[in-house]
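Architecture at a glance
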Amino acid sequence: MPNCPKCGNKESLPTRTFSVIVEPAKGERGMTERRVGMYTCSNCGTKFPTVISKQRYLIVAEEQLKSIQEELGSVKKGNEDLNTKVRGMAEQQREMENSMEKSAKENEVRRLKVKLAELEEFVTYLRKEKGELEQKASKIR
Ligand SMILES: [Zn+2]
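What counts as what
- Residues numbered from 1 in each chain as written.
- Predicted model: local features only at pLDDT ≥ 70, side-chain atom pairs only at ≥ 80, totals over all residues.
- Helix = DSSP H or I, 4+ residues; strand = E, 2+ residues; numbered from the N terminus.
- Rg over C-alpha atoms; globule rule 2.2 N^0.38 Å.
- Buried ≥ 20, exposed ≤ 12 C-beta atoms within 10 Å, placed from the backbone.
- Contact = placed C-beta atoms within 7 Å.
- Pairing = 2+ DSSP bridges.

**Description of the overall build of the protein**
Broken down by element type, the protein carries 1 helix and 3 strands. Walking the protein from its N terminus toward its C terminus, one meets helices and strands in the order β-β-β-α. Its C-alpha atoms give the protein a radius of gyration of 44 Å, clearly above 14 Å, the size a compact globule of 141 residues would have. Each principal axis of the C-alpha distribution contributes one length, and for the protein these read about 130 × 50 × 25 Å. In the protein, which comprises 141 residues, the share counted as buried stands at 1%. Put simply, of all contacts in the protein between residues at least 6 apart along the chain, 44% involve residues at least 24 apart.

Structure below.
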């Protein structure tokens with residue numbers, strides 16, 4: 001909200017707006033479009049302009065713009081290819097994790113089988129021991 005240059009009153013709405021194209025100053029490039037609002041002070045009636053917004057335009061040769069757009073297009077394409085690759089790698093990682101999990105399970109099964117064999121052996125030994133003890137016991141009685 002601009003202030004009235006005479007009495008400092010704040011004005012919120014311009015009475016009219018227009019655009020002016022400003023040529024580049026020395027050493028500057030491109031044109032500047034200024035959106036200007038004309039305000040009338042509701043307090044003292046002073047009319048004053050204020051720049052609402054600025055937009056700079058660079059003059060670019062059509063061929064240059066085209067080549068920039070083409071470059072942008074190929075960058076986008078490259079980006080898409082990269083995204084596809086990343087997705088593929090994530091998929092591979094998932095597969096590797098699955099197969100690692102599977103082989104971990106297989107190792108666990110192998111380990112349990114060994115343990116089972118040991119236990120079976122121990123049970124056999126205990127049975128034998130029990131048999132011998134029963135024989136001894138029967139002799140004592
Ligand atoms: Zn005023």
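**Considerations on the pairing of strand β3 (residues 47-57)**
By the criterion of burial, β3 is predominantly exposed, with just 0 of the 11 residues buried. Sheet topology note: the strand β2 (residues 31-40)/β3 ladder contains 10 bridges and is antiparallel. Counted as the bridge partner of T32 is R56 from β3. Between β2 and β3, which pair antiparallel one after the other, the connecting turn spans 6 residues, and G45 there sits at a positive phi close to 80 degrees.

**Some remarks on the environment of L82**
One can find L82 in helix α1 (residues 62-140). Take L82: there are 10 C-beta atoms within 10 Å of it, and that puts it in the exposed class.

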